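Residues per chain, in single letters:
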Amino acid sequence: MADASLLRDSRLDALGRLAAPLGRFAALLTIALALFAAVLVLFGRNPLRAYADIFSSTLGSAYGVSETLVKMTPLILTALAAAVPSRIWLINVGGEGQLFVGALCATWAAIHLDGLPSFLLLTIMAALGFLGGGLWAAIAGGLRAGGWVSETISTLLMNYVAILLVNFLVFGPWKDPDGVNYPQTVEFAAGAILPMLGGTRVHLGLVFALVATIVCAFLLARTRWGLEVRAIGGNAEAARRNGIPIERYVLVTMLIGGGLAGLAGMAEVSAIQGRLRPSLSPGYGYSGFLISWMAGGHPAGIVAAAFVLAVITAGGDILQMTQALPGSVVNILMAVVLFVVLARQAGRP
Amino acid sequence: MIPKLFAMLTTLALATGSWWTAAAEPKLQVGVLHLGSVTDGGYNQAHAEGIEVMKKNLPDVEVIQVENVPEGADAERVMENMIKRGAQMIVAASFGYLEPAMRVAQKYPNVKFFHPGGYKRTPNMTTYWASTPEAFYLMGVAAGKTTKTNKIGYVVALPISFFLANINAFELGARSVNPKVETRVVFTGTFLDPGKEATAANALLEQGCDVLGVIVDSPITVVQVAEKRGAYSVGFHYIGVSKFAPKGWVTGVAFTWGNLYTRFARDVMDGKFKSEDILGGLADDFLTLAPLGAAVPKDAATLVEAKRQEFIARKAHPFQGPLNDNRGVERVKTGETFPLTDLRKMDWLVEGVVGQPR
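Keep in mind the model is a prediction, meaning the values are calculated, not measured.

(A) Representation of the overall build of chain B in the model. Within chain B, the secondary structure is distributed over 10 helices and 15 strands. In terms of overall size, chain B behaves like a compact globule, its C-alpha atoms giving a radius of gyration of 22 Å where 358 residues would be expected to give roughly 21 Å. Projected onto the principal axes, the alpha-carbon positions of chain B cover approximately 70 × 40 × 35 Å. Within the span of chain B, comprising 358 residues, buried residues form 56% of the whole. Taking all contacts inside chain B whose residues are at least 6 apart in sequence as the whole, residues at least 24 apart take part in 66%.

Here it is, written out as structure tokens:
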């Protein structure tokens, strides 16, 4: 009987769950934009022009669209990193650290195996990135599965460890000897750079992100594995009594989540930075966590929310350029959007 | 739904008129990127005020300024957007923008780029910096005369060569007037993290330091901590930071980029741009030693001024051998000097500095 209701649920997943929340999300976004319009009026700016500027610069040209996609790529992956474990109520705040460890492992390959053919090298880098981030998250998963440490605490704290680890390497053994003592590795060889689309900066990482989204959606909605994940998410105690090995699911969902964040790190370090440095991520891991929350952990919602956040960040720079607004005003827009969306969630059971 | 909404807004905005044709065509549009806030009382504000001076000197120049731009993917996008909006000159005002700027510079060979502190260039990019060790030496003289505990603390962002050179010069200046002075360094690992800076400043004060210096983007935090706890402070980057330490102010060195930016913009407008590596110093108008504070003993002023004249006249050198590093390895032989043009290679801390260069 439990199975039947879960099956019905899975069909809802595929159809109903997609359209309704996206519509609601758009409505909430409109409220947020209206609130921010009031802020803009307070600053003496024309909100319609401001929004038109954001729109035309991010979506009004091929270049703008390409840059929005560049910005979305790590956000989708880090959001999935939080979303997959969240299906069994695990709170993975460690996307940032998992991203850094993934980048670190990929960098190891980029530096030490640079003689390999590009296809092979990039495959190894992606695999190591996934594994690095995944195992890093699995440590927290293991601590949780054993009932020792809450994963919320351990993933958060391990972010700092991961960043310090990267710092240790780029300040020390991996430091570029020609970089005026600046903490960064040598520049990657051309073979270690992910291919880009045409003359843009849209890179293969976007394909990783979209494929990961579809695979996660499929796994969660259409497989026995996903069914059991939902069973645990629905009622962990009942699932345990039905013989589902919860500990294994804790480990595996953390491994997948961390692996996706690690893949984001690999893509950023390879395609965008071309070398490892401490300023690899402006908080993609944390933004991804928020995106996952905004989307309620739903894969399609994640793509939509990542899109909105990417447009806000990229458009925020434009507000500074065209409206001469201070950079902090953009943070107000971001905060207004988050408050409105999260307020909606607080209102739900 | 979302695109439709945006489309609607665009149409409305276009309908409200005076859209692209707001003002007369400027002769030159300059795009400026800042890593932090332009009101940080430090590195970013110094650049921003330099740009303001340029605007005053050259009313035909229009500036597009963006602050809080991270050094990775975002920097390139902001630069390209500026260029798409007509910028023919880009000032990428943070060290970490070097490679993003070079990539964009290669894509837009007709746009002129300016990068502070860069160690490589493209044909359409100039790098510029002011050699600060002489000024740090002078600050060391003033601080060495001021300290009572003979321990000076330095809160430093990263152990990059320029910063190591500054600390070394500071310690050597302090030792020249007070052989007992030691300088303790804490690296925060980032150009801006007020939390870490406050922690580091407090830790240094607890170790007995009574003068604090700072090499991070915004000196405000460290200077305020020192002032609050009755210690002295040495500023950096921005001349206005002394107002945060009315009692404990020793001195500071500040970048006054205004005239240099004016020259850059004029050169671009006159078609006289050339890619070069500019390294100024005490004698140039873009580096200023702040007036000594009330806390500094009277005889220090004479010493500082005398040494300043010697530096300008090239009769003295901040890195005069023999110099050992703080592990006992000889770095500069007796009678030799460490060339100021080689600062990019300095990867050691001089004897008397407590800390490791990484």
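So much for the structure itself; the text now carries on.
(B) Quick peek at the nonpolar core. Membership of the largest hydrophobic core comes to 240 residues, with the highest contact counts inside it found for Leu77, Ala79, Leu80 and Ala306 of chain A. Built from parts of two domains, this core gets at least three residues from each of domain 1 (25–130 + 257–280) and domain 2 (133–254 + 285–354) of chain B. Apart from the residues within four sequence positions on either side, Leu80 of chain A is in contact with Ala212, Thr213, Cys216, Gly257, Leu260 and Ile302 of chain A.

(C) The interface of chain A and chain B, seen in detail. If you look at the interface, chain A gives 35 residues, while chain B gives 38 residues. For the side of chain A that touches chain B, the element with the most residues is helix H3 (residues 47–58) of chain A, which contributes 7 residues. Per-class residue counts for the side of chain A that touches chain B are 20 nonpolar, 11 polar and 4 charged.

(D) Examining the pairing of strand S4 (residues 112–116) of chain B more closely. Residues and elements named next belong to chain B. Along S4, 5 of the 5 residues are buried, which leaves the element largely enclosed by surrounding structure. With burial as the criterion, each face of S4 is covered, one bearing Lys112, Phe114 and Pro116 and the other bearing Phe113 and His115. Crossover handedness for the path strand S3 (residues 89–92) to helix H4 (residues 98–107) to S4: right-handed.

(E) Fine view of the packing of helix H13 (residues 299–323) of chain A against helix H3 (residues 73–84) of chain B. Contact geometry of H13 of chain A with H3 of chain B gives a least axis separation of 10 Å together with a crossing angle of 45 degrees. For the element pair H13 of chain A / H3 of chain B, the angle class is oblique. Between H13 of chain A and H3 of chain B lies a crossing whose hand is right-handed. Where H13 of chain A abuts H3 of chain B, its residues Ala314, Asp317, Ile318 and Met321 of chain A lie against Arg77, Val78, Asn81 and Met82 of chain B. Taken together, the residues of the contact of H13 of chain A with H3 of chain B break down into 5 nonpolar, 1 polar and 2 charged.

(F) Focus on the sheet that holds strand S12 (residues 287–289) of chain B. Residues and elements named next belong to chain B. Here 7 strands make up an open sheet; going across it, the order is S12-S10-S9-S8-S6-S7-S15 and the pairing mixed. Looking along the sheet, the strands with just one partner apiece sit at the ends: S12 and strand S15 (353–354). Sheet analysis places strand S6 (residues 151–156) next to strand S8 (residues 211–215), joined by 5 bridges and oriented parallel. Residue pairing in the sheet places Ile152 in a bridge with Val211 of S8. Packed on one face of the sheet, helix H7 (residues 194–206) meets S6, strand S7 (182–187) and S8 and runs near 165 degrees to S6. Packed onto the sheet, helix H8 (residues 220–228) meets S6, S8 and strand S9 (232–237) and runs at close to 165 degrees relative to S9.

(G) Seen up close, the packing of helix H6 (residues 118–145) of chain A against helix H11 (residues 246–273) of chain A. All names here are of chain A. H11 packs onto H6 with a crossing angle of 145 degrees between their chain directions and a minimal axis gap of 6 Å. The two elements H6 and H11 cross, and the hand of that crossing is right-handed. Its residues assigned to classes, the contact of H6 with H11 shows 17 nonpolar, 12 polar and 2 charged.

(H) Representation of unusual backbone geometry. Residues and elements named next belong to chain B. Here the residue pair Gly321 and Pro322 is connected by a cis peptide bond, since its omega of 5 degrees sits within 30 degrees of zero. Its location among the elements puts Pro322 in the loop between helix H10 (298–312) and strand S13 (323–324). One non-glycine residue with positive phi stands out, namely Asn68, at about 55 degrees. Mapped onto the elements, Asn68 comes out in the loop between strand S2 (61–66) and H3. A count of 22 C-beta atoms within 10 Å places Asn68 in the buried class. Positive phi values are uncommon outside glycine, yet Arg314 reaches one of about 60 degrees.

(I) Main features of the domain arrangement of chain B. Residues and elements named next belong to chain B. Looking at chain B, the domain boundaries give domain 1 (25–130 + 257–280) and domain 2 (133–254 + 285–354). Residue assignment for the side of domain 1 that touches domain 2 shows that the elements contributing at least two residues are helix H2 (43–57), helix H9 (258–269) and strand S11 (277–280). Looking at the side of domain 1 that touches domain 2, the element that brings in the most residues is H2, giving 4 residues. Split into classes, the residues belonging to the side of domain 1 that touches domain 2 amount to 8 nonpolar, 8 polar and 1 charged.

(J) Highlighting the sheet that holds strand S5 (residues 125–130) of chain B. Residues and elements named next belong to chain B. The 6 strands are arranged S2-S1-S3-S4-S5-S11 in an open sheet whose pairing can be described as parallel. The sheet terminates laterally at S2 and S11, the two strands that pair on one side only. Strand after strand, the sheet turns through a mean of 20 degrees between neighbouring axes, direction not considered. Each of strand S1 (28–33), S2 and S3 is contacted by H3, which is oriented at about 170 degrees to S1, the strand it contacts most. On top of the sheet, H9 reaches S1, S2, S3, S4 and S5; it is set at about 135 degrees to S1, its chief contact.

Conventions used here
Residues numbered from 1 in each chain as written. Chains lettered and ligands numbered in written order. Predicted model: local features only at pLDDT ≥ 70, side-chain atom pairs only at ≥ 80, totals over all residues. Helix = DSSP H or I, 4+ residues; strand = E, 2+ residues; numbered from the N terminus. Rg over C-alpha atoms; globule rule 2.2 N^0.38 Å. Buried ≥ 20, exposed ≤ 12 C-beta atoms within 10 Å, placed from the backbone. Contact = placed C-beta atoms within 7 Å. Core = buried A, V, L, I, M, F, W, Y, C linked by C-beta atoms within 7 Å. Domains from an automatic or database assignment. Nonpolar A, V, L, I, M, F, W, Y, C, P; charged D, E, K, R; others polar. Right-handed = clockwise from strand over helix to strand, strands pointing away. Axes fitted to C-alpha atoms, helices over the stretch in contact; angles between N-to-C directions. Parallel < 35°, antiparallel > 145°, perpendicular 65-115°, else oblique. Left-handed = near helix turned anticlockwise from the far one by under 90°. Pairing = 2+ DSSP bridges.

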